[in-house]
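Structural characterization, general
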Amino acid sequence: MGKVFAVTSGKGGVGKSTVSVGLGVAFCRQGKSVLLVDMDEGLRCLDLMLGVEKETVLDLSDVLCGRELEDALYSCPLHPNLKLIPAPADTGKIDAFSFATFAKEATETFDIVIFDFPAGIDISLYSSLPKGSLFLTVAVPDPVSVRDAAAMALQISKAELYARLIINRFVYKQSLKMKHKNIDGIIDTASLRLVGIVPESEELVMLSVAHSLKKRGKAMAAFSRIARRLDGEHILLPKIKKI
Ligand SMILES: Nc1ncnc2c1ncn2[C@@H]1O[C@H](COP(=O)(O)OP(=O)(O)OP(=O)(O)O)[C@@H](O)[C@H]1O
Ligand SMILES: [Mg+2]
């Protein structure tokens, strides 16, 4: 059985899709087979980020209606072990029952399955994921987003699911002027265990042009650390100034 991660946030635009792709590339470079599932019905974007938008014919809704899983898989040209199932182009196509069957099959087929959820909380779909799935709540270091992560953490724990925190778009100098003066303050307010910090990065803004990350860049280093932690390794946080 592969590992399942669900990338979520209450509010939009905090970097869920960017984090999903970054983690997908990191796991892939660590030798894993990875499936990215775009859950953002009507507003899909992972096909653009991975550079497969011209090839996509089938999507998640076709698999939920009975098409073979492999018919709707698209390989990232730069990382053949990184596959995508695009989100349905229209809304209202994902029902919890067939989604649960699909999620189970995906977990049996891949080492790592990453669900990139849209903003908002959808407990019925979250609860349809295989047991042991880990929710990765993404927040940026501003107080609104951190409070949002706390609300998400509460809902997820009420549903008896497990979540961790990823802080995205971190800038050391900015962080000194913010309400939460340090990472501990963010963790305390969000009430979630931290699994990693991703820096603000020009390279990540350009992801839908490059479709990958430089092997030795700061962004890749951050995603590699997170992927290794999620794989059970004990990886220390680097000095906060160096993230
Ligand atoms: N670490 C980062 N450094 C710089 N830019 C980033 C970073 N993370 C995300 N961005 C930028 O922020 C914007 C939103 O990112 P993204 O689409 O990943 O967010 P999202 O949470 O998936 O949004 P939505 O809620 O609409 O699905 C994009 O322009 C992306 O390039
Ligand atoms: Mg997104």
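Only a predicted model underlies this, so the values are computations on that prediction, with no experimental measurement involved. (Residues numbered from 1 in each chain as written. Chains lettered and ligands numbered in written order. Predicted model: local features only at pLDDT ≥ 70, side-chain atom pairs only at ≥ 80, totals over all residues.)

1. Observations regarding the overall build of the protein chain
The line we're drawing: A run of H or I in DSSP counts as a helix once it spans at least four residues, and a run of E counts as a strand once it spans at least two, with each numbered from the N terminus. Throughout, the radius of gyration refers to the C-alpha atoms, and the reference size of a globule is 2.2 Å times the residue count to the power 0.38. Any residue with 12 or fewer other C-beta atoms within 10 Å of its own C-beta is exposed, any with 20 or more is buried, and the rest are partly exposed; the C-beta atoms used are placed from the backbone. In this description, a residue-residue contact is defined by the distance between C-beta atoms placed from the backbone, which must lie within 7 Å.
Scanning the protein chain for helices and strands turns up 11 helices and 8 strands. Its C-alpha atoms give the protein chain a radius of gyration of 17 Å, near enough to 18 Å, the size a compact globule of 243 residues would have. Along the first, second and third principal axes, the C-alpha atoms of the protein chain reach 50 × 40 × 30 Å. In the protein chain, buried positions account for 43% of the 243 residues. Contacts in the protein chain between residues far apart in sequence, at least 24 positions, make up 79% of those at least 6 positions apart.

2. Re the nonpolar core
What counts is decided by this rule: For our purposes the nonpolar core covers buried Ala, Val, Leu, Ile, Met, Phe, Trp, Tyr and Cys residues that link as a set through C-beta atoms within 7 Å.
One finds A6 and I114 to be the most contacted residues of the largest nonpolar core, which totals 71 residues. The contact partners of I114, leaving out residues within four places of it in the chain, are F5, V7, S20, L23, G24, V34, L36 and V37.

3. Let's talk about helix α6 (residues 143-158)
To keep things clear, this is the line we draw: How far a helix is expected to stretch is found by multiplying one less than its residue total by 1.5 Å. An arc is given here, and it is the one of the directions from the helix axis to the C-beta atoms.
The first and last C-alpha atoms of α6 sit 23 Å apart over 16 residues, in line with the 22 Å expected at 1.5 Å per residue. Looking at α6, one finds that the buried residues are S145, V146, D148, A149, M152, A153 and I156. Here the buried residues of α6 occupy an arc of 155 degrees about the axis, which is enough to place them on one side. α6 presents V144 and K158 as exposed residues on the side facing more than 90 degrees away from its buried surface.

4. Section: unusual backbone geometry
Phi is positive for E160, close to 60 degrees, though the residue is something other than glycine. Considering the arrangement of structural elements, one finds E160 in the loop between α6 and β7 (162-170).

5. Re the site of ligand 1
The line we're drawing: Put plainly, near means the residue's C-beta atom, positioned from the backbone, lies within 6 Å of the molecule or strand in question. Basically, the charged four are Asp, Glu, Lys and Arg, the nonpolar ten are Ala, Val, Leu, Ile, Met, Phe, Trp, Tyr, Cys and Pro, and anything else, Gly included, counts as polar.
Near ligand 1, the surroundings consist of 18 residues, among which G12, G15, K16, S17 and T18 are the closest. Tallying contributions element by element places helix α1 (residues 16-29) first for the shell around ligand 1, with 3 residues. Across the shell around ligand 1, the residue classes tally to 6 nonpolar, 8 polar and 4 charged.

6. With respect to the sheet that holds strand β1 (residues 3-8)
Heads up, the condition is: When DSSP finds two or more bridges between two strands, those strands count as paired. To get an axis, fit a line to the C-alpha atoms, keeping to the stretch in contact for a helix; angles then go from 0 to 180 degrees between the N-to-C directions.
The strand order across the open sheet formed by 8 strands is β3-β4-β2-β5-β1-β6-β7-β8, and the pairing between neighbours is mixed. Two strands close off the open sheet at either side, each with one partner strand: β3 (74-76) and β8 (193-199). Ignoring strand direction, the axes of neighbouring strands in this sheet form an average angle of 25 degrees. Where strand β2 (residues 34-38) meets strand β4 (residues 79-85), 4 bridges bridge the pair, whose relative direction is parallel.

7. Observations concerning α1
Over its 14 residues, α1 extends 20 Å from the first C-alpha to the last, a length consistent with the 20 Å expected when each residue adds 1.5 Å. Of all 14 residues in α1, 13 are buried, a share of seventy percent or more. Among the residues trailing α1, G31 stands out with phi positive, at a value near 90 degrees.

8. Digging into the environment of E202
Secondary-structure assignment places E202 in helix α9 (residues 202-205). Using a count of 8 C-beta atoms within 10 Å as the deciding quantity, one classes E202 as exposed. When the C-alpha atoms of E202 and P143 are compared, they prove to be 23 Å apart, with 59 residues separating the residues in sequence.

9. A few points about the environment of I167
Position of I167 relative to the elements: it lies in strand β7. On the basis of neighbour counts, which here come to 29 C-beta atoms within 10 Å, the residue I167 falls in the buried class. C-alpha separation for the pair I167 and D184, spaced 17 residues apart in sequence, amounts to 12 Å. When near neighbours in sequence (up to four residues on either side) are disregarded, I167 contacts A139, P141, I186, L194 and I197.

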